Amino acid sequence: EVQLQASGGGLVEPGGSLRLVCTASGITFDDYAIGWFRQAPGKGRDQVAWVSSTDGSTWYAESVEGRSAISIDRRKYTVYLQISSMKPEDAAVYSCGIETFYNGPLQVLVSLGPEGVDYWGEGTQVTVSS
């Protein structure tokens, strides 16, 4: 079974940077997409970024676009999310999810939202405070 693990969360000062890591196991297929999501207390789960294993294409939410970078290491089945210029509103539990057997446009997955994710990893807490 496919399993995901998110790590790299912690305490970050406003304006600082953080790198989140999502490691996957049990992947027996070439084409998939992994996305990062975040959920603040009392709020719904929001999409942050997506990356495709097929062509390396990426998508970013407007709230993080320009200060975030998502990348994939296919050989390690690992996805990274670098966020710079952290803001208090970035504080949340960050989780990664995977869409399996997929090689299509990321915009389709964005349209589906969290409900379209096949497997989820446990979240990692990100706190932004001085």
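Residues numbered from 1 in each chain as written. Predicted model: local features only at pLDDT ≥ 70, side-chain atom pairs only at ≥ 80, totals over all residues. Heavy atoms only, no water.

1. Details of the environment of V126
Relative to the helices and strands, V126 is located in strand 11 (residues 124–128). Once the C-alpha coordinates of V126 and G104 are considered, the two residues, 22 residues apart in sequence, prove to be 30 Å apart. Once residues within four sequence positions are removed from consideration, V126 is found in contact with G9, G10, L18, L20, M86, D90, A91, A92 and Y94. (Helix = DSSP H or I, 4+ residues; strand = E, 2+ residues; numbered from the N terminus. Contact = heavy atoms within 4.5 Å.)

2. Regarding the nonpolar core
Ranked by internal contacts, the top residues of the largest apolar core, which has 39 residues, are W36, W50, I70, L81 and Y94. Ranked by the residues each element gives to this core, the list is headed by strand 4 (residues 32–39), at 5 residues. (Core = buried A, V, L, I, M, F, W, Y, C linked by side-chain atoms within 4.5 Å. Buried < 20%, exposed > 50% of the residue type's maximum accessible area, 1.4 Å probe, protein only.)

3. Some points on the sheet that holds strand 8 (residues 78–83)
Here 4 strands make up an open sheet; going across it, the order is 1-3-8-7 and the pairing antiparallel. Both edges of this open sheet fall to strand 1 (3–7) and strand 7 (68–73), since each of them pairs with a single strand only. When the angles between neighbouring strand axes are averaged without regard to direction, this sheet yields 15 degrees. Bridge analysis of strand 3 (residues 18–25) against strand 8 gives 6 bridges, and the strand direction is antiparallel. From the neighbouring strand, L18 faces strand 8, where its bridge partner is I83. (Pairing = 2+ DSSP bridges. Axes fitted to C-alpha atoms, helices over the stretch in contact; angles between N-to-C directions.)

4. Side note on the state of the cysteines
Overall, the coordinates contain 1 disulfide when judged by the stated rule. Note on cysteine connectivity: C22 is disulfide-linked to C96, with sulfurs 2.2 Å apart. Taking the torsion about the S-S bond as the criterion, the C22 to C96 disulfide, at about 80 degrees, is right-handed. Here C96 lies in strand 9 (residues 92–100) and C22 lies in strand 3, a separation of 74 residues in the sequence. Given a relative accessible area of 0%, C22 falls into the buried group. Residue C96 is classed as buried on the basis of its relative accessible area, which comes to 0%. (Disulfide = S-S within 2.5 Å.)

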